[in-house]
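# Reading the structure
Now for the letters of each chain:
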Amino acid sequence: MLASPDAAAYALRMFSDFDRERRRIEEALHDGVQQDLAATVVALELARELLDSDPAAARGVLEELAAQVEAALERVRELAGTVYPSILPARGLTDALRSLDVETANLERYPLEIEEAVYFSCRALRSRATRARVWRDGDALRLELLGVTAADDDELSHARERISAVGGQLDLSAGRVSASVPLR
């Protein structure tokens, strides 16, 4: 069975998105987490050397180290929050959107490409809105973000492409983003 041109274009965009996401994660790991861990190893070595000769200085180094480790853990948590959510394919759109503080109503399970388009569009734009909701309206999923301020052109363009790839339409007007995705 041959894929339709739309399906092939969607697959190519998704591959490109995943590849871009993989590079972003690699960069964040290399520039952030890896450097944090290397600094931790150096600080531990310093504390070890000071332990016998100057226990008070070693204690100070260890206290600083504890704060550095907490900061590194926070950066890892932030990075983990940007990775593809395993809850989306496992439990669906309602549970995945809950983590983004998006209200939902009348949602069921839908084809994964539709759930991904709605989820990632909400994720890209949610921080710029005061309220967000997703609901089923007949044969369509509706997405609405209210109080949208300073929507980044790349974020908006990316969300628009994702929604369009599954046959939907996303519009921005007067601080409001709305989208409709047909359920096939």
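That block above? That's the structure.
Think of each chain on its own: its residues are numbered from 1, step by step along the sequence as written. Local features in a predicted model are, by the rule used here, given only for residues with pLDDT of at least 70; side-chain atom pairs are given and counted only at 80 or more, and totals for whole chains, interfaces and linings are based on all residues. Excluding hydrogens and water, the side-chain values take into account all heavy atoms of the structure.

### Side note on helix α5 (residues 112-125)
Because each turn of an α-helix spans 3.6 residues, side chains separated by three or four positions end up pointing in the same direction. In DSSP terms, a helix is any run of H or I states spanning at least four residues, a strand is any run of E spanning at least two, and both are numbered starting from the N terminus. Here the expected length of a helix is defined as 1.5 Å per residue gap, with one fewer gap than residues. Given a rise of 1.5 Å per residue, 14 residues ought to cover 20 Å, and the 20 Å separating the end C-alpha atoms of α5 matches this to within 8%. Summary of the burial criterion: residues with accessible area below 20% of their type's maximum are buried, those above 50% are exposed, and those between are partly exposed, where the area comes from a 1.4 Å probe applied to protein chains only. Most of α5 is tucked away, with eleven of its 14 residues classed as buried. Burial in α5 covers these residues: I114, E115, E116, A117, V118, Y119, F120, S121, C122, A124 and L125.

### A look at the sheet that holds strand β2 (residues 131-137)
For two strands to pair, DSSP has to find at least two bridges joining them. With mixed pairing, the five strands of this open sheet are ordered in space as β1-β2-β3-β5-β4. A single partner strand is all that each edge strand has here, and the edge strands are β1 (103-105) and β4 (169-173). Sheet twist, expressed as the mean angle between neighbouring strand axes with direction ignored, is 10 degrees. Here strand β3 (residues 140-146) pairs with strand β5 (residues 176-182) via seven bridges, running antiparallel. If you follow L143 over to β5, its bridge partner there is A179. Residues count as neighbours in contact if any of their non-hydrogen atoms are within 4.5 Å of one another. Every angle, taken between N-to-C directions, lies between 0 and 180 degrees, and every axis is a line fitted to C-alpha atoms, over only the stretch in contact when it is a helix. Running over the sheet, α5 touches β2, β3 and β5 and is turned about 5 degrees from β3. Lying on the sheet, helix α6 (residues 153-165) is in contact with β4 and β5; it crosses β4 at an angle near 150 degrees.

### Focus on the pattern of salt bridges
Put simply, a salt bridge is a Lys or Arg side-chain nitrogen that is within 4 Å of an Asp or Glu carboxyl oxygen. What the rule picks out here adds up to twelve salt bridges. In this structure, the salt-bridge partner of R48 is E45, at a minimum N-O distance of 2.7 Å. With R48 and E45 both in helix α1 (residues 5-53), this residue pair falls three residues apart, about one helical turn. Note on R48: relative accessible area 56%, which makes it exposed. Between D101 and R126 there is a salt bridge, with the nearest N and O atoms lying 3.2 Å from each other. Linking D101 in the loop between α4 (93-98) and β1 with R126 in the loop between α5 and β2, this pair joins segments that are 25 residues apart in sequence. Since its relative accessible area comes to 11%, R126 is described here as buried. Through salt bridges that share partners, R91, D95 and R98 make up one connected network.

### Some words on α6
Along its 13 residues, α6 runs 18 Å from first to last C-alpha, staying within 8% of the 18 Å computed at 1.5 Å per residue. Of all the positions in α6, only L156, A159, R162, I163 and A165 are classed as buried. Once α6 finishes, G167 follows within two positions and takes phi at roughly 85 degrees, a positive value.

### Digging into unusual backbone geometry
Notably, N106 is not glycine yet its phi reads approximately 60 degrees, a positive angle. Located in the positive-phi region is A174, a residue other than glycine, with phi close to 45 degrees.

### Some remarks on the nonpolar core
Buried Ala, Val, Leu, Ile, Met, Phe, Trp, Tyr and Cys residues form a nonpolar core when they are joined through side-chain atoms within 4.5 Å. One finds L93, L97, Y119, C122, V134, L141 and L145 to be the most contacted residues of the largest nonpolar core, which totals 32 residues. Counting only elements with at least two residues in this core, the list comes to α4, α5, β2, β3, α6 and β5. The biggest single contributor to this core is α5, with eight residues. Contact partners of L145, with chain neighbours within four places excluded, come to L125, R126, A129, R131, A132, G175, R176 and V177. Among the nonpolar cores identified, the runner-up in size contains six residues, and A43, L50, A58 and L65 belong to it.

### Quick notes on the packing of α5 against α6
Two quantities define a packed helix pair, namely the angle between the helix axes and the distance between the axes. It is at 9 Å that the axes of α5 and α6 come closest, and there the two elements cross at 170 degrees. Of the possible angle classes, the one that applies to α5 and α6 is roughly antiparallel. Between α5 and α6, the contacting residues are E116, A117, V118, F120, S121, A124 and L125 on the first element and E155, L156, A159, R162 and I163 on the second. Its residues assigned to classes, the contact of α5 with α6 comprises eight nonpolar, one polar and three charged. Should an angle fall under 35 degrees it is taken as roughly parallel, and over 145 as roughly antiparallel, whereas 65 to 115 is taken as roughly perpendicular and any remaining angle as oblique. Residues are grouped as follows: nonpolar covers Ala, Val, Leu, Ile, Met, Phe, Trp, Tyr, Cys and Pro; charged covers Asp, Glu, Lys and Arg; every other residue, Gly included, is treated as polar.

### Description of the packing of aromatic side chains
Any pair of aromatic rings gets described here by the distance separating the centres and the angle formed by the planes. Each Phe, Tyr or Trp ring (for Trp, its six-membered ring) is paired with any other whose centre lies within 6.5 Å, and the angle between the two planes then decides the class: stacked below 30 degrees, edge-to-face above 60, tilted in between. The final tally for this structure, using the stated rule, is one aromatic pair. Each ring, one from Y119 and one from F120, has its centre 5.1 Å from the other, and the planes form 85 degrees; the classification is edge-to-face. Relative accessible area serves as the criterion here: at 3%, Y119 is assigned to the buried category. Here, over-ring charges are defined by two tests on the NZ atom of lysine or the CZ atom of arginine: distance to the ring centre within 6 Å, and angle to the ring normal within 35 degrees. One cation-aromatic arrangement involves R133 over W135; the distance from NZ or CZ to the ring centre is 3.9 Å.

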